[in-house]
Amino acid sequence: MSSVLTDTQVRQLAQEILERKEYAHYRPDPDDVERALRLLRWLRDFLEWMNLQYEQAPWIFWSILAALAFVAALLLAHLIWSLRVALRTPTTRHLPRTPLQEQDLLEEARALSARGHFLEAAHRVELAVIALLIQREVIELSRSDPNRILRKRIASAPLHDAVRKDFVNLLNRLERQRFRDHEEDPALYEAWCTLHRNVEVLAGRS
């Protein structure tokens with residue numbers, strides 16, 4: 001018996017293979033095909049109608065063509081204007097801190113310290129100090145910058161040497177207490193409050 005398949009058998013075999021589930025996503029969606037056909041038919045009818053208008057009523061043809069060109073020009077102008085506005089808008093990498101947010105942080109710190117949560121209170125004062133430095137444009141800092149970047153910004157900031165040294169030391173103590181020792185330390189909280197007052201004066205805040 002011959003093992004050679006006829007053309008009809010090959011087509012049937014190919015059809016059976018293509019009907020399997022693993023090939024389903026390769027088959028076109030009938031709805032998509034129908035929508036594409038409707039769009040092509042509409043485009044064909046429109047072009048035929050435009051050609052008829054060109055032959056029978058040239059002024060209608062040119063009016064429609066002018067209107068389409070005008071709309072296209074408006075869309076292009078709007079696109080160019082939007083791109084120019086977007087390119088002119090500066091990308092701000094500063095942490096969005098305001099005096100109100102700084103005061104909110106200090107109020108949260110006072111409330112936390114009153115309940116004995118000195119580590120979280122010290123952390124709130126740390127954020128308030130950073131907010132103050134950013135607000136006074138002493139440092140620039142992105143919200144996603146880690147503490148090693150913060151240390152670099154502080155090292156190059158126009159601050160008094162004692163303030164710079166205190167900031168780094170307190171930052172190291174706070175990290176050690178929060179992530180390793182987990183000890184509530186009232187002295188650490190008070191030290192951050194003192195640093196905030198010193199930065200407030202030296203940063204020239206009114």
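This is a predicted model, so every value here is computed, not measured.

## Digging into a nonpolar patch on the surface
A cluster of nonpolar side chains, namely Leu39, Trp42, Leu43 and Leu47, defines an oily patch on the protein surface of about 440 Å² accessible area. Its location among the elements puts Leu39 in helix α2 (residues 30-56). Accessibility expressed as a relative area gives 56% for Leu39, which makes it exposed.

## Concerning helix α6 (residues 147-156)
Among all positions of α6, only Ile149, Leu150 and Ile154 are buried. The buried residues of α6 occupy an angular sector of 140° when projected down its axis, which confines them to one face. Within α6, the exposed residues directed more than 90 degrees away from the buried face are Arg148, Lys152, Ala155 and Ser156. Residues of α6 that are buried in the fold lie against α5 (118-135) and α7 (161-181).

## Observations regarding the nonpolar core
Soluble globular proteins tend to pack their nonpolar side chains together in the buried interior. If you look at the biggest cluster of nonpolar residues, it comprises 34 residues, and the most contacted ones within it are Val125, Leu133, Ile139, Leu150, Phe167, Tyr189 and Trp192. Ignoring any residue separated from it by four or fewer positions in sequence, one finds Tyr189 in contact with Ala109, Arg110, Ser113, Phe118, Ala121, Ala122 and Val125.

## As for the environment of Gln53
For Gln53, the location among the structural elements is in helix α2. Once residues within four sequence positions are removed from consideration, Gln53 is found in contact with Pro58, Ile60 and Phe61.

## Things to note about the packing of aromatic side chains
Enumeration over the complete set of coordinates arrives at four aromatic pairs. Aromatic side chains Trp42 and Phe46 sit 5.5 Å apart centroid to centroid with 10° between the ring planes, which places their arrangement in the stacked category. Highlighted residues: Trp42 and Phe46, both in helix α2, separated by four residues, approximately one helical turn. Here the aromatic rings of Phe167 and Trp192 are separated by 5.6 Å at their centres, their planes lie at 85°, and the arrangement is edge-to-face. In this pair, Phe167 is assigned in helix α7 and Trp192 in helix α8 (residues 186-202), connecting sequence segments 25 residues apart. For Phe167, a relative accessible area of 2% corresponds to the buried category. Judged by relative accessible area, Trp192 falls into the buried class, the value being 0%. One aromatic cluster is present, built from ring pairs that chain together Trp42, Phe46 and Trp49.

The rules behind the values
- The residue count restarts for each chain, going from 1 along the sequence in the order it is written.
- Residues qualify for local features only when their pLDDT is at least 70, as the model is predicted, and side-chain atom pairs are given and counted only at 80 or more; totals for whole chains, interfaces and linings, by contrast, use all residues.
- Excluding hydrogens and water, the side-chain figures rest on all heavy atoms present in the structure.
- Patch construction takes residues with relative accessible area above 30% that form no salt bridge. Like charges are linked within 9 Å, and nonpolar side chains (Val, Leu, Ile, Met, Phe, Trp, Tyr) are linked within 5 Å.
- Residue exposure ignores everything except the shown protein chains as possible cover, and the areas themselves are Shrake-Rupley values with a 1.4 Å probe.
- In what follows, salt bridge is the name for a side-chain nitrogen of Lys or Arg lying within 4 Å of a carboxyl oxygen of Asp or Glu.
- Each helix is a run of H or I in the DSSP string that is no shorter than four residues. Each strand is a run of E no shorter than two, and both are numbered from the N terminus.
- Only protein chains enter the calculation, and the probe is 1.4 Å; a residue is then buried if its accessible area is under 20% of its type maximum, exposed if over 50%, and partly exposed in between.
- By construction, the arc corresponds to the directions joining the helix axis to the C-beta atoms.
- The contact criterion used throughout is that any non-hydrogen atoms of two residues lie within 4.5 Å.
- Note on terminology: a nonpolar core comprises buried Ala, Val, Leu, Ile, Met, Phe, Trp, Tyr and Cys residues joined through side-chain atoms within 4.5 Å.
- Classification of ring pairs uses Phe, Tyr and Trp, with its six-membered ring standing for Trp, and accepts pairs whose centres are within 6.5 Å; under 30 degrees between planes counts as stacked, over 60 as edge-to-face, and the remaining range as tilted.

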